[in-house]
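Descriptive analysis of the structure
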Amino acid sequence: AITNNSMTLGGNVTDEGASAIIERGFIYGVVYDDVDNSSSTVLVGTSLNETTAGTTGTYTQGISSLCPNQTYYFKAYALNSTDEGYGNVENQITSSPGTYTTTQAGALTSTDTWGGCSVPNLTSGHTINIGHAVTSSGLTLTGVTNVVVNSGGTLTNTGTISMGGSGVAASLTVDAGGTLTTANVSYGSGSTFNTNGTTSITGTLTTSSSGTFNTSGTTTIANVLNGSGDFNQTAGTVTITNNFDCANDCDFDQSAGAMNVTGDFKIWGSGEAHMDGTLDVGTVIITDNNGYMDGSGVLTYGSSNVNANNA
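Figured I'd write up the structure that's included with this text. (Residues numbered from 1 in each chain as written. Predicted model: local features only at pLDDT ≥ 70, side-chain atom pairs only at ≥ 80, totals over all residues. Heavy atoms only, no water.)

Description of the overall build of the protein
- The helix and strand tally for the protein stands at 1 helix and 29 strands.
- Its C-alpha atoms give the protein a radius of gyration of 28 Å, clearly above 19 Å, the size a compact globule of 311 residues would have.
- Principal-axis analysis of the C-alpha atoms places the extent of the protein at approximately 100 × 30 × 30 Å.
- Considering only contacts within the protein whose residues lie at least 6 apart along the sequence, 35% involve residues at least 24 apart.
- A total of about 13,400 Å² of accessible surface is found on the protein, and carbon and sulfur atoms cover 45% of it. (Helix = DSSP H or I, 4+ residues; strand = E, 2+ residues; numbered from the N terminus. Rg over C-alpha atoms; globule rule 2.2 N^0.38 Å. Contact = heavy atoms within 4.5 Å. Areas by Shrake-Rupley, 256 points an atom, 1.4 Å probe, with all protein chains shown as cover.)

Put into structure tokens, the structure is as follows:
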């Protein structure tokens, strides 16, 4: 009965000795020597015990609140009124979970953030829920890993968040009520970035290789470099403080919401822009290789550079 945070241990008292059994149970922990050197009354290191009254024969004990993907050592024991007996030290590993969830604020790389358990692997396809104030200095997500900033949670990243690579997709989601702040985001290989909360990218959002960015919340980005990817806005507001560049079969699809681009909004290299919300830009540029814009929204611009022969 092994899960990612529990297991059921089994023992067998074969002889009660000189008097009746008054207690039996298990001593367990993550360090072999600590468990081996512990007794029912003196526990060494971080070892713990689970006890119950009993008699001779087989018995089981469920152990919970364990850490995922962790090797635990354990031994059975029994006591009568004058003596005690112990089984051999055995070991078993808990399963690797599908989901990790923060238990307190802290660094992503701190075991305390995960309830004293091991830090989740960002390349193994787990779902990682962030419901507290978590900090990091750079994230690389592969292996179908899904990071979710839940409502009330914040992720503050001082480096770059990279997703995908070598044909393996990953995803990053900011739920409504969640907040993400990062320097840069770079992804491709079919990876997806969804934000329904508040997202601030102080550097550049780089999308390529069929990567998809979906926003319906409040999003602020310094620069967007969208090459062969999708940028979809379905609601909310997007502020681009510098430039938005859509090239190489990229797709900008605004079904609703409002976007403001302080600098250039450039569609080129067979890029497409479908605008049904409102788009306010400094300069709209559509100059070459069949790039185009359509839709029923409202475009406001300070200046334009559109080549009707090519665009």
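A short note on the nonpolar core
- The biggest cluster of nonpolar side chains holds 43 residues, and the ones touching the most others in it are Met163, Phe193, Leu205, Phe231, Phe244, Met259 and Phe265.
- Apart from residues lying up to four places away in sequence, Phe231 is in contact with Leu205, Phe213, Thr215, Ile221, Val224, Asn226, Val238, Phe244, Asp251, Phe252, Asp253 and Met259. (Core = buried A, V, L, I, M, F, W, Y, C linked by side-chain atoms within 4.5 Å. Buried < 20%, exposed > 50% of the residue type's maximum accessible area, 1.4 Å probe, protein only.)

Concerning the state of the cysteines
- Counted according to the given criterion, the structure contains 2 disulfides.
- The disulfide that involves Cys67 links it to Cys117, with 2.1 Å between the sulfurs. Looking down the S-S bond of the Cys67 and Cys117 bridge, the torsion is -80°, so its handedness is left-handed. Taken together, the residues span a long stretch of sequence, with Cys67 in the loop between β4 (57–63) and β5 (71–79) and Cys117 in the loop between β9 (106–107) and β10 (127–130) at a distance of 50 residues.
- In this structure Cys117 comes out as buried when scored by relative accessible area, which is 10%.
- Shown here for the protein is a disulfide pattern of 1-2, 3-4, where each number marks a bonded cysteine counted in sequence order. (Disulfide = S-S within 2.5 Å.)

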